[in-house]
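Topology and contacts: notes
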Amino acid sequence: MIRTSSRYTLPLVALLGAVIGAGAMLGVDRLASPRGPDQARIERVVHDYVLAHPEIIPEAMQRLQDSESGKTVAANSAAITTPFGSAWAGNAKGDVTVVEYYDYNCGYCRASLPMVASLLQRDHNIRLVYRDLPILSDESRVAARASLAAAAQGKFQAFHDALYAAGPLSDATIAAAASGAGVDLKAADTKRLDAEIARNLDTAAKLGMSGTPSWVIGNRVLSGALPIEELEKAIAAARAS
């Protein structure tokens, strides 16, 4: 599982000041004198407001993160939401695209499989796009190449399911899953597959991802093996936007 990127922490101070300041300005008229506002008393109002409403801190952080990630998502939309070959599931014309960045050697990704299956069963109006993000081991990259080869040959889901069913990741289980899904690894365009992996790694870095699973839903980037309710909340927000 990954944690929220710390790149948003420093700008939070400025954002929080703006959010609180907007509320504090409601009392400026009462704090003002003919010679101008009493700065010390205004600062006390802000201080007391923060202490009385600490819940605004995570709310402000989330708003900042969504704002910043939204810009990055918009700038890299094609690289994020356009599937590679058949590496997608759900409704091709769904009104919301859910993107999962995953590593076949990631235990949290494996643990998320039932949740992903349930999400597709509960919501028939989403399109799920799979993006390989091999960052954990050499076998991860071998598996990602095989996964992308399967996607290029229109056999992604069969390979994806077979590899997870095969047990711990290894060269042997990768080869067995490819064979079982009818994927011809010898026919794969290695340069094209490696270019796709490099693009995924680059996009993930731009989005502040540092591990798997990670998700992009609307303008939000989420991290970790999340409960289905968290993804559904983000999906609802994307629909409402």
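Above this text is the structure in question.
A short tour of the structure in this document, coming up.

The rules we used
- Residues numbered from 1 in each chain as written.
- Predicted model: local features only at pLDDT ≥ 70, side-chain atom pairs only at ≥ 80, totals over all residues.
- Heavy atoms only, no water.
- Pairing = 2+ DSSP bridges.
- Helix = DSSP H or I, 4+ residues; strand = E, 2+ residues; numbered from the N terminus.
- Axes fitted to C-alpha atoms, helices over the stretch in contact; angles between N-to-C directions.
- Contact = heavy atoms within 4.5 Å.
- Buried < 20%, exposed > 50% of the residue type's maximum accessible area, 1.4 Å probe, protein only.
- Phe/Tyr/Trp six-rings, centres within 6.5 Å; stacked < 30°, edge-to-face > 60°.
- Core = buried A, V, L, I, M, F, W, Y, C linked by side-chain atoms within 4.5 Å.
- Nonpolar A, V, L, I, M, F, W, Y, C, P; charged D, E, K, R; others polar.
- Polar contact = N/O pair within 3.5 Å; in protein donor to acceptor, adjacent residues only side chain to side chain.
- Parallel < 35°, antiparallel > 145°, perpendicular 65-115°, else oblique.
- Left-handed = near helix turned anticlockwise from the far one by under 90°.

A word on the sheet that holds strand β3 (residues 88–90)
Strand pairing in a sheet is mediated by backbone hydrogen bonds. Such pairs are either parallel or antiparallel. Spatially, five strands are ordered β3-β5-β4-β6-β7 in an open sheet, and the strand pairing comes out mixed. The two strands at the open ends of the sheet, each matched to only one other strand, are β3 and β7 (220–223). Here the average twist between neighbouring strands, direction ignored, is 20°. Contacts from helix α11 (residues 190–206) reach β4 (96–102) and β5 (126–132), with the element oriented near 105° to β5.

Focus: the pairing of β4
Among the seven residues in β4, seven count as buried, and that is most of the element. Side chains Val96, Val98, Glu100 and Tyr102 of β4 all project onto a buried face; the interleaved residues Thr97, Val99 and Tyr101 project onto the opposite face, where all are buried too. Bridging between β4 and β5 involves seven bridges; their strand directions are parallel. By the bridge assignment, tyrosine 101 is partnered in β5 with arginine 131.

Digging into the packing of aromatic side chains
Across all of its chains, the model carries five aromatic pairs by this definition. For the ring pair tyrosine 102 and tyrosine 130, a centre distance of 6.1 Å and an interplane angle of 85° mean the geometry is edge-to-face. Placement of the pair is tyrosine 102 in strand β4 and tyrosine 130 in strand β5, with a sequence separation of 28 residues. When sorted by exposure, tyrosine 102 lands in the same class as tyrosine 130, which is buried. Where tyrosine 104 meets phenylalanine 159, the ring centres are 6.1 Å apart and the plane angle is 85°; that geometry is what we call edge-to-face. On the criterion of sequence distance, the pair formed by tyrosine 104 in the loop between β4 and α6 (107–111) and phenylalanine 159 in helix α9 (residues 156–165) is long-range, its members being 55 residues apart. Of the residues examined, tyrosine 104 reaches a relative accessible area of 5% and is grouped as buried. By the ring-pair criterion, three or more aromatic residues cluster together here, those being Tyr102, Tyr104, Tyr130, Phe156, Phe159 and Tyr164.

Things to note about the nonpolar core
If you look at the biggest cluster of nonpolar residues, it comprises 43 residues, and the most contacted ones within it are Tyr104, Tyr130, Phe159, Leu163, Trp215 and Ile217. Counting residues per element, this core draws most heavily on helix α8 (residues 138–152), at seven residues. Among the nonpolar cores identified, the runner-up in size contains 11 residues, and Val73, Val99, Tyr101 and Val129 belong to it.

A short note on the packing of α8 against α9
Two numbers describe how α8 lies on α9: the axes approach to 7 Å, and their chain directions differ by 150°. Of the residues in α9, those in contact with Ala143, Ala146, Ser147, Ala150 and Ala151 of α8 are Phe156, Phe159 and Leu163. Classifying every residue of the contact of α8 with α9 gives seven nonpolar, one polar and no charged.

Thoughts on the side chain of serine 214
Inspection of the secondary structure assignment puts serine 214 in strand β6 (residues 214–217). The exposure class assigned to serine 214 is buried, which follows from its relative accessible area of 0%. At 3.0 Å, the side chain of serine 214 forms a polar contact with the backbone oxygen of glycine 211.

Some details on the packing of helix α7 (residues 113–122) against helix α12 (residues 228–240)
Contact pair α7 / α12: the axes reach a minimum separation of 10 Å and the direction vectors enclose 45°. In terms of axis orientation, α7 runs oblique to α12. Where α7 crosses over α12, the two elements pack in a sense that is right-handed. Contact residues: Met115, Ser118, Leu119 and Arg122 in α7; Ile228, Leu231, Glu232 and Ile235 in α12.

Let's talk about the environment of lysine 233
With respect to the helices, strands and loops of the structure, lysine 233 is situated in helix α12. Between the C-alpha atom of lysine 233 and that of isoleucine 217, which follows or precedes it by 16 residues, the distance is 9.9 Å.

Geometric values such as these leave the question of function open.
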